There are 2 protein chains.
Amino acid sequence: MLTLAEENYLKNIFHLQQKSPEGVSTNAIAEKLETKPSSATDMVQKLAEKNVLTYIKYKGVTLTEEGRKTAANIIRKHRLWEVFLVEKLHFKWDEVHEIAEQLEHIHSEALIARLDQFLAFPTVDPHGDPIPDSQGNFKKTEKKLLSNLRKLQKGICVGVKESGSDFLQYLGKRNIAIGTEITILEKDDFDESMTIEVSHKSHFITKKIAENLYIQII
Amino acid sequence: MLTLAEENYLKNIFHLQQKSPEGVSTNAIAEKLETKPSSATDMVQKLAEKNVLTYIKYKGVTLTEEGRKTAANIIRKHRLWEVFLVEKLHFKWDEVHEIAEQLEHIHSEALIARLDQFLAFPTVDPHGDPIPDSQGNFKKTEKKLLSNLRKLQKGICVGVKESGSDFLQYLGKRNIAIGTEITILEKDDFDESMTIEVSHKSHFITKKIAENLYIQII
DNA sequence: TGTAATTTTTAGGTTTGTCTAAAAATATTT
DNA sequence: AAATATTTTTAGACAAACCTAAAAATTACA
């Protein structure tokens, strides 16, 4: 079982590794965690002992598979709690980070499993960031129907289901084409219509339209 | 801002003070917290410095008003989270204590205010223990209509609203009289009927009956 | 009331996670 | 390639929260 401080290091090293997959420097870690490089070195040595990362002096740090899974699980908890705070407690999406920073360290597998179910298994958090599954896997970016996405999720149009010219003209008028980035601003629970943003303009679209657009989540 | 360890001491001292209001010994604190008396002494001295309790060497400890309020607030959070876990995530009432022990230390007034609202301002936790208000006040035990109580809440019958003989005979047949202890086993959300336990027997009663029985919560 | 038993505190030490200052390794520049 | 600059690690210290062992105060009781 990791301590709170250890969990925070692991989570931040995970994020840093996205940017520099070849290895993360202790200085970068210290900066991210707003601490001194010497403290980061100390902690990194302890985490290497615990086999959640490999550390080569002066060369930097890489998460092990175990470390990667642990970090992903913390991120999973953080993002699930954010969904709870926004969807259930009606916080604004920009108010939830600090609280989720605390909640992500609650230890209970059962709690997270039930929270996930209570929230209807969300795949993105209120900022549109993906929520990894319980095995720590981030969903491979695959095409989905626009109608299956949630509020604030972002994606790139990668195809259409119905390809009649009426439909394509409809898309053309709204500057939607293959490669176009789309963000869901609002989604109505009742009729599944949505407001989407396309190149800084917002459009209202019906369920029928959304069911005919393939999107790759980004 | 108190540390997690300090909060746990405070909460437990609060509970111990219920049993011995004249002062709590450091040994009793150590036993409750499963630590050594010397550690309890150390912590108590630190908490006295922080003005949340008064400490007289060899004589024991009493919470200050500030300490009392802080402790009550931790208990409030613990019990609100228990309600959430049972009512929203469908945990059993005996599975929630450990998780609530962690959640009670999340620092955010806004979170607790919204959680309270989300849970519709419960006054008791799933074990029937009272939830103090945001000022740290425990509701004075006062009579309430049975229909206003929640599942698992316990009380003593202290009066009736409608006192026609039909009604009193109805109560008599079920061994309900002034002084009788009643526990709500089940409460139906739809028609507000309930199953109650009276001297080890369970009875089904309608909303109309429940609206005419005054109960003192225990 | 004085001695024994118990409770409580003090003294000194450990671990965790941090710090500063200095040393060592690596990288850069001329 | 040598000198300089930068990055990174090591060494030693500190606060929090705990421990053990010993001392001091209180309580029990003969």
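None of these values were measured; they are calculated from a predicted model.

### Regarding unusual backbone geometry
Residue and element names in this part refer to chain A. The phi dihedral of Y58 is positive, around 65°, even though this residue is not glycine. Position of Y58 relative to the elements: it lies in the loop between β1 (53-56) and β2 (60-63). With 6 C-beta atoms packed within 10 Å, Y58 lands in the exposed category. Phi is positive for E192, which is not a glycine, with a value near 55°. Relative to the elements of secondary structure, E192 occurs in the loop between β5 (181-187) and β6 (194-198).

### A word on the protein's contact with DNA strand C
The immediate surroundings of DNA strand C are formed by 19 residues, with T3(A), S25(B), T26(B), N27(B) and S38(B) found nearest. Listed by contribution, the elements that provide at least two residues to the surface near DNA strand C are α1 (4-19) and α3 (37-49) of chain A together with α2 (26-32) and α3 (37-49) of chain B. Ranked by residues supplied to the surface near DNA strand C, first place goes to α3(A) with five residues. For the surface near DNA strand C, a count of residues per class yields five nonpolar, nine polar and five charged.

### Focus: the relation of the copies chain A and chain B
In screw terms, the move from chain A to chain B is a rotation of 180° and a rise of 0.2 Å along the axis, fitting with an RMSD of 0.4 Å. In the structure described here, the two chain copies are related by an operation that fits a two-fold rotation axis. Residue L103(A) of chain A places its C-alpha closer to the rotation axis than any other residue of that unit, at 3.7 Å. Counting the interface residues of chain A, we find that 100% of their copies in chain B are interface residues as well, pointing to one common contact surface.

### What about the interface of chain A and chain B?
Each side of the interface is counted separately: chain A has 14 residues, and chain B has 14 residues. Elements that contribute at least two residues to the side of chain A that touches chain B include exactly α5 (97-103) and α6 (109-118) of chain A. When grouped by side-chain class, the residues that make up the side of chain A that touches chain B number eight nonpolar, four polar and two charged.

### Brief notes about the protein's contact with DNA strand D
Lining the immediate surroundings of DNA strand D are 19 residues, of which S25(A), T26(A), N27(A), S38(A) and T3(B) lie closest. Every element with two or more residues in the surface near DNA strand D is listed here: α2 (26-32) and α3 of chain A together with α1 (4-19) and α3 of chain B. Per element, the largest residue contribution to the surface near DNA strand D is five residues, and it comes from α3(B). Split by residue class, the surface near DNA strand D holds five nonpolar, nine polar and five charged.

### A closer look at the sheet that holds strand β6 (residues 194-198) of chain B
Residues and elements named next belong to chain B. One open sheet holds the six strands; their spatial order is β3-β8-β4-β5-β6-β7, and the pairing between them is antiparallel. The open sheet has two edge strands with one neighbour each: β3 (143-145) and β7 (201-205). For this sheet, the mean inter-axis angle between neighbouring strands, taken without regard to orientation, is 45°.

### Looking at the packing of helix α4 (residues 65-88) of chain B against helix α6 (residues 109-118) of chain B
Residue and element names in this part refer to chain B. Relative to each other, α4 and α6 sit at 45°, their axes nearing to 10 Å. Between α4 and α6, the interaxial angle falls into the category oblique. Judged by the sense of rotation from one axis to the other, the crossing of α4 with α6 is left-handed. From α4, K77, L80 and F84 reach across to α6, where they touch I112, L115 and D116. Looking at the contact of α4 with α6 residue by residue, the class counts come to four nonpolar, no polar and two charged.

### Description of the confidence of the model for chain A
Model confidence for chain A is summarised by a mean pLDDT of 92, while 98% of its residues fall at 70 or above. When mean pLDDT is compared element by element in chain A, α6(A) scores highest at 98, while helix α7 (residues 165-173) of chain A scores lowest at 82.

### Here's the deal with the nonpolar core
The biggest cluster of nonpolar side chains holds 30 residues, and the ones touching the most others in it are L85(A) and L85(B). Mapped by element, the contributors of at least two residues to this core are α4 (65-88), α5 and α6 of chain A together with α4, α5 (97-103) and α6 of chain B. L85(A) has contacts with F91(A), V96(A), I99(A) and A100(A), leaving out every residue within four places of it along the chain.

### Let's talk about the sheet that holds strand β8 (residues 213-217) of chain A
Residues and elements named next belong to chain A. Reading across from one edge, β3-β8-β4-β5-β6-β7 is the order of the six strands in this open sheet, with antiparallel pairing throughout. Lying at the two open borders of the sheet, with one neighbouring strand each, are β3 (143-145) and β7 (201-205). Strand-to-strand twist across the sheet, computed as the mean angle between neighbouring axes with direction ignored, equals 45°. Of the pairings in the sheet, the one linking β6 to β7 comprises five bridges and is antiparallel in character. Following the sheet pairing, E197 is matched in β7 by S202.

### Looking at the pairing of strand β4 (residues 154-160) of chain B
Residues and elements named next belong to chain B. Here β4 pairs with strand β5 (residues 181-187) via three bridges, running antiparallel. When the sheet's bridge partners are listed, I156 is paired in β5 with E181. Strand direction decides the pairing type here: β4 and strand β8 (residues 213-217), joined by five bridges, are antiparallel. Across the sheet, residue G155 finds its bridge partner in β8, namely I217.

### Remarks on the environment of T41(B)
In this structure, T41(B) sits in helix α3. For the pair T41(B) and K57(B), spaced 16 residues apart in the sequence, the C-alpha separation amounts to 9.1 Å.

### What about the pairing of β2(A)?
Residue and element names in this part refer to chain A. Summarising the sheet, β1 and β2 pair through four bridges and their orientation is antiparallel. Residue L53 lies in a different strand from β2, and its bridge partner there is L63. As consecutive antiparallel partners, β1 and β2 are separated by three residues, and within that stretch Y58 has a phi angle of approximately 65°, a positive value.

What counts and how
Residues numbered from 1 in each chain as written. Chains lettered and ligands numbered in written order. Predicted model: local features only at pLDDT ≥ 70, side-chain atom pairs only at ≥ 80, totals over all residues. Helix = DSSP H or I, 4+ residues; strand = E, 2+ residues; numbered from the N terminus. Buried ≥ 20, exposed ≤ 12 C-beta atoms within 10 Å, placed from the backbone. Near = placed C-beta within 6 Å. Nonpolar A, V, L, I, M, F, W, Y, C, P; charged D, E, K, R; others polar. Least-squares fit on C-alpha atoms with pLDDT ≥ 70 in both. Contact = placed C-beta atoms within 7 Å. Pairing = 2+ DSSP bridges. Axes fitted to C-alpha atoms, helices over the stretch in contact; angles between N-to-C directions. Parallel < 35°, antiparallel > 145°, perpendicular 65-115°, else oblique. Left-handed = near helix turned anticlockwise from the far one by under 90°. pLDDT = per-residue confidence, 0-100. Core = buried A, V, L, I, M, F, W, Y, C linked by C-beta atoms within 7 Å.

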